[in-house]
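# Chain and residue survey
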Amino acid sequence: MNRPFALAGATLLAAGLALPEAAEAQQRATRVGVLNCNVAPAIGFIVGSHRELSCVFRPERRGRAEGYAGTFTRVGLDIGITGRGVLAWAVFAPTRRLSPYQLAGSYSGASAQATFAVGLGANALVGGSRDTVALQPLSVQAQTGLNLALGVGNMTLRRAALR
């Protein structure tokens with residue numbers, strides 16, 4: 001098997017095994033939309049990393065798209081350099097409709113990625129308004145660079161203009 005694909009597969013498997021809290025939150029919630037984020041390049045500092053985000057939330061039902069800006073930090077193993085990336089999450093909440101900009105807040109959960117030229121990653125997070133919002137990977141993180149990361153991810157979102 002090709003080594004980069006084996007490494008990416010092992011990383012995604014580790015992330016999948018570490019997601020019970022987010023999965024539990026999803027089971028008692030309803031899918032309310034999709035959050036897409038553009039992620040800035042970063043350098044892993046062995047014990048963590050910090051990346052800037054620019055995101056758009058698109059509700060499942062009627063409603064306007066919302067812009068968010070934020071940061072994503074990881075605590076744990078994080079070695080390497082990555083280019084720009086894209087993250088996409090299915091958003092789950094206890095009700096069918098969210099209040100405007102209700103995704104603003106802090107989230108935390110399992111995070112894993114492996115990059116060798118082109119890489120994959122997964123981040124499942126719980127947080128937001130009173131820790132009632134679950135973000136489940138809708139598609140894997142796509143980025144370029146050389147990086148291996150596994151740990152706890154923390155994301156903070158704040159209201160921002162749509163771009």
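Our subject in this report is the structure included herewith. Keep in mind it's a predicted model, so treat the numbers as computed, not measured. (Residues numbered from 1 in each chain as written. Predicted model: local features only at pLDDT ≥ 70, side-chain atom pairs only at ≥ 80, totals over all residues. Heavy atoms only, no water.)

## A look at the packing of aromatic side chains
This model, assessed by the stated rule, comprises one aromatic pair. The positively charged end of R159 is found above the aromatic ring belonging to Y101, 3.9 Å away from the centroid. (Phe/Tyr/Trp six-rings, centres within 6.5 Å; stacked < 30°, edge-to-face > 60°. Lys NZ or Arg CZ within 6 Å of the ring centre and 35° of its normal.)

## Some words on the state of the cysteines
Applying the stated criterion to the full structure yields one disulfide. Across the disulfide from C37 sits C55; the S-S distance is 2.0 Å. The S-S bond linking C37 to C55 shows a torsion near 110°; that makes this disulfide right-handed. Of this pair, C37 sits in strand β1 (residues 30–39) while C55 sits in strand β2 (residues 42–59); the two residues are 18 residues apart in sequence, bridging distant segments of the chain. Across the pair, exposure class does not vary: C37 and C55 are buried alike. (Disulfide = S-S within 2.5 Å. Helix = DSSP H or I, 4+ residues; strand = E, 2+ residues; numbered from the N terminus. Buried < 20%, exposed > 50% of the residue type's maximum accessible area, 1.4 Å probe, protein only.)

## A closer look at the nonpolar core
If you look at the biggest cluster of nonpolar residues, it comprises 21 residues, and the most contacted ones within it are L35, L53, V91, L103, L135, M155 and L157. Put simply, the parts of the chain that give this core at least two residues each are β1, β2, β3 (66–93), β4 (105–127) and β5 (133–160). The element that contributes the greatest number of residues to this core is β3, accounting for six residues. Contact partners of L53, with chain neighbours within four places excluded, come to C37, N38, V39, Y68, A69, G70, T71, F72, L87, M155 and L157. (Core = buried A, V, L, I, M, F, W, Y, C linked by side-chain atoms within 4.5 Å. Contact = heavy atoms within 4.5 Å.)

## Comments concerning the layout of surface pockets
Here the idea is plain: a probe the size of a water molecule rolls over the atoms and shows the empty space left. Taken as a whole, the largest pocket holds about 210 Å³ of empty space. In terms of lining residues, the largest pocket is bounded by 17 residues, among which P59, R62, G63, R97 and L98 are the most central. Broken down by secondary-structure element, the contributors of at least two residues to the lining of the largest pocket are β2 and β3. Split into classes, the residues belonging to the lining of the largest pocket amount to seven nonpolar, three polar and seven charged. (1 Å grid on protein atoms, 1.4 Å probe; cavity = no way out; pocket = protein on both sides within 12 Å on 5 of 7 lines; lining within 4 Å. Points joined across faces, edges and corners; volume = space filled by probe spheres on them. Nonpolar A, V, L, I, M, F, W, Y, C, P; charged D, E, K, R; others polar.)

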